Amino acid sequence: MPGLNSFSHWTVLLVLVLLVFGTGKLRNAGRDLGSAIADFRKGLKDAQSDDTALRMVRPDVDGKQQP
């Protein structure tokens, strides 16, 4: 049974996807996916900096600040 290992299979699949969805919808989907990934990375970066700031401010058991 043939799979999607051939370049011609991928070409036919790409043409069918373009015919069904159109270039506008695919462009918007790509833009939305890119912005979602950027927001996710920004959230991870903000969470890491907030976590680091909290560890630096929290006092130890004996009242001294952690380095």
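Look a little higher up for the structure.
Since this is a predicted model, take the numbers as computed values, not measurements.

> Give a detailed account of the overall build of the protein chain, specifying residues and quantitative values.
When its secondary structure is counted, the protein chain shows 1 helix and 0 strands. Within the protein chain, buried positions represent 0% of all 67 residues. About 6300 Å² of surface is accessible on the protein chain, with carbon and sulfur atoms providing 66% of the total.

> Can you tell me about a nonpolar patch on the surface, naming the residues and giving the values?
A surface patch of nonpolar side chains, about 460 Å² in accessible area, is lined by L14, L18, V20, F21 and L26. One can find F21 in helix α1 (residues 7-57). Residue F21 is classed as partly exposed on the basis of its relative accessible area, which comes to 46%.

Basis of the calculations
- Residues numbered from 1 in each chain as written.
- Predicted model: local features only at pLDDT ≥ 70, side-chain atom pairs only at ≥ 80, totals over all residues.
- Heavy atoms only, no water.
- Helix = DSSP H or I, 4+ residues; strand = E, 2+ residues; numbered from the N terminus.
- Buried < 20%, exposed > 50% of the residue type's maximum accessible area, 1.4 Å probe, protein only.
- Areas by Shrake-Rupley, 256 points an atom, 1.4 Å probe, with all protein chains shown as cover.
- Patch = residues over 30% accessible without salt bridge, like charges linked within 9 Å, V, L, I, M, F, W, Y side chains within 5 Å.
- Salt bridge = Lys/Arg side-chain N within 4 Å of Asp/Glu carboxyl O.

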